[in-house]
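# Summary of the model geometry
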Amino acid sequence: MFLRYNSKNLIMKIYELNEKQIIKLPIEVVFNFFSKPENLALITPSKLAFKILTPTPIVMNNGTLIDYTIRVMGFTVHWRTLITEYNPPYNFVDEQIKGPYTFWHHTHTFKEIDGGVEISDNVQYAIPMGIIGRLLHSIYIRNDLKKIFSHRKTVIDNILSNVEKVKEINTVEELVL
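All values reported here derive from a predicted model rather than from experimental measurement.

With the rule as written, the count across this model stands at two cavities of 30 Å³ or more. Glu19, Lys20, Gln21, Phe34, Asp121, Phe149, Arg152, Lys153 and Ile156 together form the lining of the largest cavity. Counting only elements with at least two residues in the lining of the largest cavity, the list comes to strand E2 (11-23) and helix H3 (130-160). Here the lining of the largest cavity is built from residues that sort into three nonpolar, one polar and five charged.

Structure representation (structure tokens):
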């Protein structure tokens, strides 16, 4: 956790989440899966009722905007992200423009290793509502984010374990779990 100033020169408490995962596939195949925002619907827990609003297919590049909705604590929230870095097949960054967080910066990194790819997620985020937000973070949000990323890890392992199927996928509709 560290501190950062927001646009109103108020100090925000920044939290950090780091996750890693190994997939035994070529980096191009793994990056291809992650570079399709439509695949977020597959790896996001159903309780979040994730829905992409941006017309598909979405082409990822620097500057791509992606709109979607999720359910947070029972409320549907519009979330907009901007792809601020896009360096295939090694990394990309999405930043929240609008959504439930005061600040959200998610770096996805893909590193070739012996026999596969190490996927790293680094998320830096801030919670709104001052002391109430910090309390919510300590009793709910931190653990919920960990559960979401744990779910993602399990689903990604299941999806990417079928190499031939992944190579043939062009759209989410073609993937049947």
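Further remarks concern a nonpolar patch on the surface. A surface patch of nonpolar side chains, about 540 Å² in accessible area, is lined by Met73, Phe75, Leu135, Ile139 and Tyr140. If one sorts the elements of the nonpolar patch by residue count, H3 sits on top with three residues. Along the chain, Ile139 falls in helix H3.

Quick look at the layout of surface pockets now. Volume-wise, the largest pocket comes out at about 830 Å³. Along the walls of the largest pocket sit 43 residues, with Ile70, Trp79, Tyr101, Trp104 and Leu145 positioned nearest its centre. Among the elements of the structure, helix H1 (27-34), helix H2 (40-43), strand E4 (65-72), strand E5 (75-87), strand E6 (91-98), strand E7 (103-113) and H3 are those that each provide at least two residues to the lining of the largest pocket. With eight residues, the top contributor of residues to the lining of the largest pocket is H3.

On to the pairing of E5, then. Sheet faces and side chains relate simply in a regular strand, where the side chains alternate between the two faces. With eight bridges connecting them, E4 and E5 associate as antiparallel partners. Bridged to Ile66 within E5 is Thr81. In sequence, E4 turns back onto E5 through a hairpin of two residues, with Met73 there showing a positive phi of about 50°. Here E5 pairs with E6 via seven bridges, running antiparallel. Paired with Glu85 across the bridge in E6 is Val93. Hairpin connection between E5 and E6: a loop of three residues separates the two successive antiparallel strands.

Describing two packed helices takes the angle between their axes plus the distance from one axis to the other. Two numbers describe how H1 lies on H3: the axes approach to 12 Å, and their chain directions differ by 125°. By the criterion of interaxial angle, the relationship of H1 to H3 is oblique. For the crossing formed where H1 meets H3, the hand is right-handed. Only Arg152, Ile156, Ile159 and Leu160 of H3 make contact with H1, whose side of the interface consists of Val30, Phe33 and Phe34. Of the residues that constitute the contact of H1 with H3, the class distribution is six nonpolar, no polar and one charged.

Calculation criteria
Residues numbered from 1 in each chain as written. Predicted model: local features only at pLDDT ≥ 70, side-chain atom pairs only at ≥ 80, totals over all residues. Heavy atoms only, no water. 1 Å grid on protein atoms, 1.4 Å probe; cavity = no way out; pocket = protein on both sides within 12 Å on 5 of 7 lines; lining within 4 Å. Points joined across faces, edges and corners; volume = space filled by probe spheres on them. Helix = DSSP H or I, 4+ residues; strand = E, 2+ residues; numbered from the N terminus. Nonpolar A, V, L, I, M, F, W, Y, C, P; charged D, E, K, R; others polar. Patch = residues over 30% accessible without salt bridge, like charges linked within 9 Å, V, L, I, M, F, W, Y side chains within 5 Å. Areas by Shrake-Rupley, 256 points an atom, 1.4 Å probe, with all protein chains shown as cover. Salt bridge = Lys/Arg side-chain N within 4 Å of Asp/Glu carboxyl O. Pairing = 2+ DSSP bridges. Axes fitted to C-alpha atoms, helices over the stretch in contact; angles between N-to-C directions. Parallel < 35°, antiparallel > 145°, perpendicular 65-115°, else oblique. Left-handed = near helix turned anticlockwise from the far one by under 90°. Contact = heavy atoms within 4.5 Å.

The quantities given are spatial measurements derived from coordinates; they are silent on function.
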